[in-house]
Every structure is written in structure tokens, then in C-alpha cells.
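Now for the letters of each chain:
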Amino acid sequence: MSYVDEVIDLVVKQNPAQPEFHQAVKEVMESLRVVIEQNEEAYRRDAVLERLVNPERQLIFRVPWVDDKGQVQVNTAYRVQFNSAIGPYKGGLRLHPSVNLGIIKFLGFEQIFKNSLTGLPIGGGKGGSDFDPKGKSDREIMAFCQSFMTELCKYIGADTDVPAGDIGTGAREIGYMFGQYKRIRGVYEGVLTGKGLSYGGSLARTEATGYGLLYLTTEMLKCNGHDIAGKTVAVSGAGNVAIYAIQKAQQLGAKPVTCSDSTGWIYDPEGIDVALLKEVKEVKRARLTEYAAARPSAQYHDKAAEGTTVWSVKCDVALPCATQNELLLEDAKQLVANGCIAVAEGANMPTTIEATEYLQANGVLFAPGKAANAGGVATSALEMSQNSERLSWTFEEVDGKLKNIMVNIFHNLDDAAKRYGKEGNYVVGANIAGFEKVVNAMTAQGIV
Ligand code: NDP
Ligand code: 2IT
């Protein structure tokens, strides 16, 4: 059996009931086959792949907090410190009832390669909790965040592990966590990114993932003879990534016509009204039914009642920006039938392996999340730089660096794919380009 197949089998056997982690590992390992085969003996001897798929450290802890009725609630929290070969662990914190160890491990594993692709010195990590922020009061959110950080603060620091936002964790949660870290540890340092601008946050971090997604998509389209201007875009999600992807798409002359949340989705043929979407989601924290109620051109589709998704809408470019495995084979078929030319992942692993293969086999340009959504963590690394030098850069400076990083990422994947005879396969390109730097650093640092 080949080394790659042995390691895939090992991961499935050693990590039962973690399907998302298996999926992420399989996708990466399949891409690496061509690289591993050229060097199999040395990689096997050094157990490079076994070390890569085993986190350096995994923390699991309970988070007790008191709700508004005086009832004690207990959640489970995780921080997986996956790989520190090229820098301190870096990656977000997800707060969602679906969170479990397998999900955090898939996200942490992806993060290793994503962070490598940014070209910045950050290792891979991820964390979170099965806490559900929906419907909680501000005080309950603060109580949870403080209790969570009371334990987490023992294991993180500006030079060891720097968490940030992800699903359910935005500026409000980062603020409460930062306050508690500072209070307990007694140091004012850049231990978290995505901070508010008045206490060490970076301009353009809020926009970075969505904007970066569009910078990379634009470059991918350009290099394949297409222009983003004039394109109809289908976006899923209505959170941080989706909102700023929609905003940048409009600035670049494209027309985003959809967005979604966990209960339903909007088709707005006039183009999504970003100011209204921000008001509904960022200010009121409400459902998309409120968007539809305020916008005559919008049609609301209830997910449970209709069973349909944004991928049924005719579009040129599809940007999944909500969550993992939200774009399935049947959606891919629908997109191809509707003439879609490009899919770029704003979320982490939103497209299933079968759907990805179908899109690629049918000539759809496909940018994987670990490249396409790397603008968020890249700008987090820029926030770390600003914190270290105790300075703040202008919006234009950060946005300019972000744009350069995304264009470079695209060319790195493109080049890596070509080097291994897989031209145009950006999944293979991203995995190889991300892997090369990490393995080089791991090898140089000996068996650790
Ligand atoms: P937010 O919490 O801001 O928004 C998430 C959006 O996705 C919401 O509209 C939410 O709907 C929807 N959603 C979440 N989970 C589900 C689900 N299980 N089923 C259906 N809809 C769902 O998160 P972000 O925008 O920050 O993150 C979106 C994706 O992008 C995630 O995959 C994340 O890992 C990834 N990402 C985020 C980065 C960042 O900087 N924030 C950077 C790189 C990647 P509802 O509100 O109804 O739950
Ligand atoms: O998935 C991701 O890259 C993020 N949630 C952002 C991580 C970060 O450290 O900014």
C-alpha cells in the first residue's frame, strides 16, 4: 500500500466518528500523492505524514457559566494546537452548537496549509465551543466568554497561540475575551486578532476575508480570460465573510443576487442591498425575513419548507460563504447546468469532495477555501505585526497588502499545479504549495 493510503487509513482508524476531519485529510493527501511519491523513502523514515495529521497538542475543557435565570450552564470547549513549524498557532474560535473535536480538527488541519500559503509566519490552530450564541443576552455572552477565557488564557499568548473569530465569534466576543485575558494574565498584548480599533485591532480586518475572496477570484478569472465586472454572483451565508464578499463584488462591478442564513435564503434580482443586510445582521442580529420585509425586490425562500438553496439560482460565479459541506453534488450539477464558470470558497470546506470533482471535471474554475479565504488570517497576521511594533497602519495600507497577498497566493497555486503537471487544478496547487513550506520547516527542525 502507498504511504498516502496507509496514512489515510490510519487517520480513519485512529479518529473514529470524525468525518469532517477524515474528509479534510483525504483531500489534502490525495493532492500530495505526486509529491510524496517522488520522495517516499525519506518521508516514511521521518514519519512526516503521521506527524502532520497528529496535532501537537489538543485541549478540551468545560466552560461553566450562569444564564439570566440563574441556571448554571456547562459547555465543552476546544483548542487544537495543530502545527507550529512556521510560526505561533493561529486560527479562529467557532461558537456553534455543532462544534465537536472532529470539526475543530478539520478546521485546524486546513489552517496549517492556509496559513502557510499566506507567506506569513503563522502556524495552524483552531478552537471553539458548542455554545450557541443565538438568542443569548449580552450579559450571557459576556459570562460565557469570560469563563471560556479563564481557562484558555493558560495556553495562549502573543508568541505562542493567537486565536481570532470564526462562526459565532465576532468583534463583541473578541472584546470580552480580550478583556478577561488582560485581567487574568496582566499583560496587554496582541493575544487575539479581530480586536476593536480602539484597543489594537487592525483596519480592514473586518472586511478582509470577503475582500480577499474577491481579490483572488478576480485574479483567477483574469488569468483564465474572464472579467469579474458584469458577472452575476450567488453567495451563501449572511455573516462576516458573506457580507464583505458581497460588498467587494459590487465595488468590482459584479452583481451578487443571493445570501442565506441557517433558516432561509434571499434571491434579490436587483442585487443585494449591503447597507440593509448589515443593518439586519450586524446591528439587529435578526433573520433574513427582515431583509425581505424591508426590500420589495427580494424573494425569501424558507429552507425547511422548500428544501432549496442559493445554488439553484442562475449565476456566473458561486461563492459559498456559510459553513462546511453546504455545496453538494446535486448543487454542483445545477451550477454547471446553469452555466456557472467559477466557484471560490469563502467558507472552510463548503464543497464536498464529489461536488468539487464534478465542478472541475466540467471545466468550472475552482478555488479552494484554504487559498480563497486566506485573506482573513493573513490580515490577522498583519494585525499581529502592528501590535508588535505598537503602530496602526491605514486602511489603504492594509488593504493594499491584502490584495498583494491574495494575488500572490493565486500565482503560487497556479505555479505549483503546473510544476506537477496538474495545470488549472487549484486544489492540488494549494495543497502542494502549502505543504512544501511546512514540511521544509518541519524537516529543518528535526524530529519534534
Ligand atoms: P458568521 O458567524 O459571521 O456567519 C456565518 C453564516 O453562515 C451565518 O449566516 C449563518 O447563519 C450561516 N451558517 C453557519 N452555520 C450554518 C449551518 N450549519 N447551516 C446553515 N447556515 C449556517 O461566520 P463567518 O462569516 O465568520 O464564517 C463563515 C465561514 O467562513 C465559516 O466556514 C468560517 O470558518 C469561514 N471563515 C471565516 C473567516 C473569518 O475571518 N471570519 C476566515 C476564513 C474562513 P445563522 O446566523 O442562521 O447561523
Ligand atoms: O478560518 C479562518 O481562517 C479564520 N476563521 C480566521 C483565523 C484568524 O486567525 O484570523
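Provided above is the structure to which this section pertains.
Cut-offs applied
Residues numbered from 1 in each chain as written. Chains lettered and ligands numbered in written order. Predicted model: local features only at pLDDT ≥ 70, side-chain atom pairs only at ≥ 80, totals over all residues. Heavy atoms only, no water. Phe/Tyr/Trp six-rings, centres within 6.5 Å; stacked < 30°, edge-to-face > 60°. Helix = DSSP H or I, 4+ residues; strand = E, 2+ residues; numbered from the N terminus. Buried < 20%, exposed > 50% of the residue type's maximum accessible area, 1.4 Å probe, protein only. Lys NZ or Arg CZ within 6 Å of the ring centre and 35° of its normal. Axes fitted to C-alpha atoms, helices over the stretch in contact; angles between N-to-C directions. Parallel < 35°, antiparallel > 145°, perpendicular 65-115°, else oblique. Contact = heavy atoms within 4.5 Å. Nonpolar A, V, L, I, M, F, W, Y, C, P; charged D, E, K, R; others polar. Near = heavy atom within 4 Å. Polar contact = N/O pair within 3.5 Å; in protein donor to acceptor, adjacent residues only side chain to side chain.

What to know about the packing of aromatic side chains
Two measures describe an aromatic ring pair: the distance that separates the ring centres and the angle between the ring planes.
Consideration 1: Scanning all chains against the criterion turns up 14 aromatic pairs.
Consideration 2: Measuring from centroid to centroid gives 5.8 Å for Phe82 and Phe109, while their planes differ by 55 degrees, and the two rings are tilted. Here Phe82 is found in strand 2 (residues 72-83), whereas its partner Phe109 is found in helix 5 (residues 101-117), with 27 residues between them in sequence. Each member of the pair, Phe82 together with Phe109, is buried.
Consideration 3: Ring centres of Tyr211 and Tyr215 lie 6.4 Å apart, and the angle between their planes is 75 degrees; on these two criteria the pair is classed as edge-to-face. Taken together, the residues span about one helical turn, with Tyr211 and Tyr215 both in helix 8 (residues 205-223) at a distance of four residues.
Consideration 4: A connected cluster of aromatic rings, assembled from ring pairs, spans Phe61, Trp65, Phe131, Phe144 and Phe148.
Consideration 5: For the cation-ring pair, Lys248 lies above Tyr211, with the distance from its terminal atom to the ring centre recorded as 4.4 Å.
Consideration 6: Seen from the ring of Tyr358, Lys333 lies directly overhead, with NZ or CZ sitting 6.0 Å from the centre.

Notes on the packing of helix 9 (residues 240-251) against helix 10 (residues 274-283)
Consideration 1: Viewed as axis vectors pointing N to C, helix 9 and helix 10 meet at an angle of 170 degrees, and their least axial separation amounts to 10 Å. Classified by the angle their axes make, helix 9 and helix 10 are roughly antiparallel. Contacts between helix 9 and helix 10 pair Ile243, Tyr244, Ile246, Gln247 and Gln250 from the former with Val274, Leu277, Lys278, Lys281 and Glu282 from the latter.
Consideration 2: Residues belonging to the contact of helix 9 with helix 10 are distributed by class as follows: five nonpolar, two polar and three charged.

Remarks on the site of ligand 1
Consideration 1: In the vicinity of ligand 1, 26 residues are found, and the nearest of them are Lys134, Asp166, Thr209, Ser262 and Asn348.
Consideration 2: Ala238 places a main-chain nitrogen or oxygen 3.0 Å from an oxygen atom of ligand 1.
Consideration 3: Split into classes, the residues belonging to the shell around ligand 1 amount to six nonpolar, 12 polar and eight charged.

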